[in-house]
Amino acid sequence: MSAILRNRAVKQALSGAYAGYARGFASVPDVMRAAVVRETGPSSVMKVEHDYPVPKLQPGGVLVKNKYSGINFIDTYHRSGLYKRELPFIGGQEGGGFIAAVSPEAEAQGVKVGDRVAYSSVFQTYAEYTAVPANKVVTVPEEVPLDVAVSCGVQGMTAHYLTHSAHAGLVKPGEWMLIHGTGSGTCQWAAQMAKLRGYKVIGTCSESKQDIARATGVDELIVYKEAQGTSYEDYTSVDLVPKVMEITGGEGVKAVIDGIGLATWETSIEVLARRGIFVSFGNASGAVPAFPPLRFINKSGFLTRPKLNDYTVTREELMSRANDIYGWLAKGELKVAVDRCFPLEQAKEGHDYLEAGKSRGKVLYEI
């Protein structure tokens with residue numbers, strides 16, 4: 001269904017949906033379905049349980065009955081043990097649905113049962129219910145479908161801080177920025193937002209994702225062949241550095257946004273312009289190893305390894321980013337692709353799909 005038709009359907013259904021959810025939330029159950037990790041490892045360790053305790057409503061918080069939960073690479077890092085979590089845990093850290101219960105403090109802030117909301121940077125979202133601090137929920141505008149709103153969580157907010165804040169102003173409008181992986185996930189968003197900010201953008205992608213990457217509006221696109229039997233880029237198939245230098249007239253780029261990690265970090269440093277910044281935010285190909293800061297001496301470069309929580313510290317900062325994103329969506333300036341929506345019972349398959357590099361947009365669980 002097209003976004004326009006979906007928007008109309010959402011608008012027509014909203015009043016009934018609000019009422020239905022409010023009536024349905026008169027009683028919250030004691031147990032729920034959830035995708036639970038009791039030991040770290042491959043995707044097979046994540047099991048859907050049908051009797052997991054529903055979280056308790058906390059002071060200043062709300063209980064959200066989730067309709068969707070987003071799947072992100074950071075979830076796979078938690079599941080695999082790369083990023084440590086206390087076991088057992090429910091996967092995920094973004095979701096959206098309808099508010100099932102509110103604390104008195106949240107009610108005083110104007111939050112009410114039945115509100116249609118999205119949220120991110122909150123753990124344990126691969127589940128029917130999630131306890132969320134009221135200052136983390138964002139009311140979803142009527143014209144924005146809920147699956148799109150959930151997609152705006154981790155990936156949209158991450159793309160926003162990467163293109164607006166993480167580079168610390170070391171790149172200016174009209175200057176070059178390199179964004180890896182513009183045919184997938186977060187960097188589809190980042191490429192579009194970078195263009196909205198006025199940067200000149202070089203994107204990279206695999207052969208099968210050229211159409212997606214070009215649709216982001218990048219100024220130049222470097223296309224890699226795919227590693228045999230995968231949808232991943234073969235980063236040895238193109239000599240990136242001379243191509244970037246040719247495009248930029250030998251200067252290099254003022255900022256690199258790199259969520260690939262192990263396969264790209266060295267070339268990301270090599271293509272920096274004088275006093276450029278390497279923004280390393282992900283590990284899709286593996287974690288970046290420790291390396292000496294002398295790697296940056298050639299052009300007095302900078303390095304940052306940011307995370308979303310440090311760029312949505314206050315309610316005001318969260319809402320500033322959310323308002324930008326929803327505003328661009330409303331004006332048609334930002335396009336969001338929801339690629340696949342797996343039922344929660346296929347929790348393993350959702351992680352497998354993302355880790356295989358198959359995604360051409362946002363991947364969700366429907367709950």
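Above this text you will find the structure in question.
**Student:** What's the story with helix α9 (residues 315-330) in this structure? I'm lost.
**Tutor:** Taking 1.5 Å of rise per residue, the 16 residues of α9 would be expected to cover 22 Å, and the 22 Å separating its terminal C-alpha atoms lies within 8% of that figure. Those residues of α9 that sit buried are Leu318, Arg321, Ala322, Ile325, Tyr326, Trp328 and Leu329. Viewed along the axis of α9, the buried residues span an arc of 160°, placing them on a single side of the element. Exposed and oriented more than 90 degrees from the buried face of α9 are Glu316 and Ala330. Structurally, α9 contributes buried residues whose contacts are with β6 (116-120), β8 (138-139), α4 (146-164) and α5 (185-196).

**Student:** Looking at this structure, I do not really get the side chain of threonine 186. What am I missing?
**Tutor:** Inspection of the secondary structure puts threonine 186 in helix α5. Among the residues examined, threonine 186 registers a relative accessible area of 15% and is labelled buried. Residues within four places of threonine 186 in sequence aside, it is in contact with Gln155, Thr158, Ala159, Leu162 and Phe281.

**Student:** For this particular structure, what's the right way to read the sheet that holds strand β14 (residues 302-304)?
**Tutor:** Read from one edge to the other, the open sheet built from 6 strands follows the order β11-β10-β9-β12-β13-β14, with strand pairing classed as parallel. Strands at the two margins of the open sheet, each flanked by one partner only, are β11 (220-224) and β14. Direction aside, neighbouring strands of the sheet carry axes that sit 15° apart on average. Across 4 bridges, strand β9 (residues 176-179) lies against strand β10 (residues 200-206) in parallel orientation. Looking at β10, one finds that methionine 177 is bridged to valine 201.

**Student:** Explain the pattern of salt bridges here, please?
**Tutor:** Pairs may arise between side chains of opposite charge once their charged atoms sit close together. As enumerated under the stated definition, the model contains 14 salt bridges in all. The salt bridge partner of arginine 33 is glutamate 128, with a shortest N-O separation of 3.8 Å. On the criterion of sequence distance, the pair formed by arginine 33 in strand β1 (residues 31-37) and glutamate 128 in the loop between β6 and β7 (129-133) is long-range, its members being 95 residues apart. A relative accessible area of 18% places glutamate 128 in the buried class. Taking the shortest distance from any N to any O, the salt bridge between lysine 307 and aspartate 310 comes out at 2.7 Å. You can call lysine 307 partly exposed: its relative accessible area is 47%.

**Student:** Looking at this structure, I do not really get the state of the cysteines. What am I missing?
**Tutor:** Any covalent bond linking the sulfur atoms of two cysteines counts as a disulfide. Evaluation of the coordinates by the stated rule reveals 0 disulfides. The thiol sulfur of cysteine 152 is not disulfide-bonded, and the nearest other cysteine sulfur, from cysteine 341, lies at 15 Å. The class for cysteine 152 is buried, based on a relative accessible area of 5%. Left without a disulfide partner, cysteine 205 is nearest to the cysteine sulfur of cysteine 187, which lies 12 Å away. What makes cysteine 205 buried here is its relative accessible area of 0%.

**Student:** Would you take a moment to explain the environment of alanine 194 for this structure?
**Tutor:** The topology assignment puts alanine 194 in helix α5. C-alpha of alanine 194 to C-alpha of leucine 178: the two residues are 16 residues apart in sequence and 10.0 Å apart in space. Excluding residues that lie within four positions of it along the chain, alanine 194 makes contacts with Thr163, Met177, Ile179, Tyr199 and Val201.

**Student:** Would you mind going over α5 with me for this structure?
**Tutor:** At 3.6 residues per turn, the α-helix brings residues three or four places apart onto the same side. Taking 1.5 Å as the rise per residue, α5 with 12 residues should run 16 Å; its terminal C-alpha atoms sit 18 Å apart, in good agreement. Within α5, 10 of the 12 residues are buried, which leaves it mostly tucked inside the rest of the structure. Three or more residues of α5 are buried, namely Gly185, Thr186, Cys187, Gln188, Trp189, Ala190, Ala191, Gln192, Met193 and Ala194. Considering only its buried residues, α5 is in contact with α4, β9, β10, α6 (210-215), β12 (253-258) and α9. Phi for glycine 198, located one or two positions after α5, is positive at around 95°.

About the criteria used
Residues numbered from 1 in each chain as written. Predicted model: local features only at pLDDT ≥ 70, side-chain atom pairs only at ≥ 80, totals over all residues. Heavy atoms only, no water. Helix = DSSP H or I, 4+ residues; strand = E, 2+ residues; numbered from the N terminus. Expected span 1.5 Å × (residues − 1). Buried < 20%, exposed > 50% of the residue type's maximum accessible area, 1.4 Å probe, protein only. Arc of directions from axis to C-beta. Contact = heavy atoms within 4.5 Å. Pairing = 2+ DSSP bridges. Axes fitted to C-alpha atoms, helices over the stretch in contact; angles between N-to-C directions. Salt bridge = Lys/Arg side-chain N within 4 Å of Asp/Glu carboxyl O. Disulfide = S-S within 2.5 Å.

These figures capture arrangement, not role.
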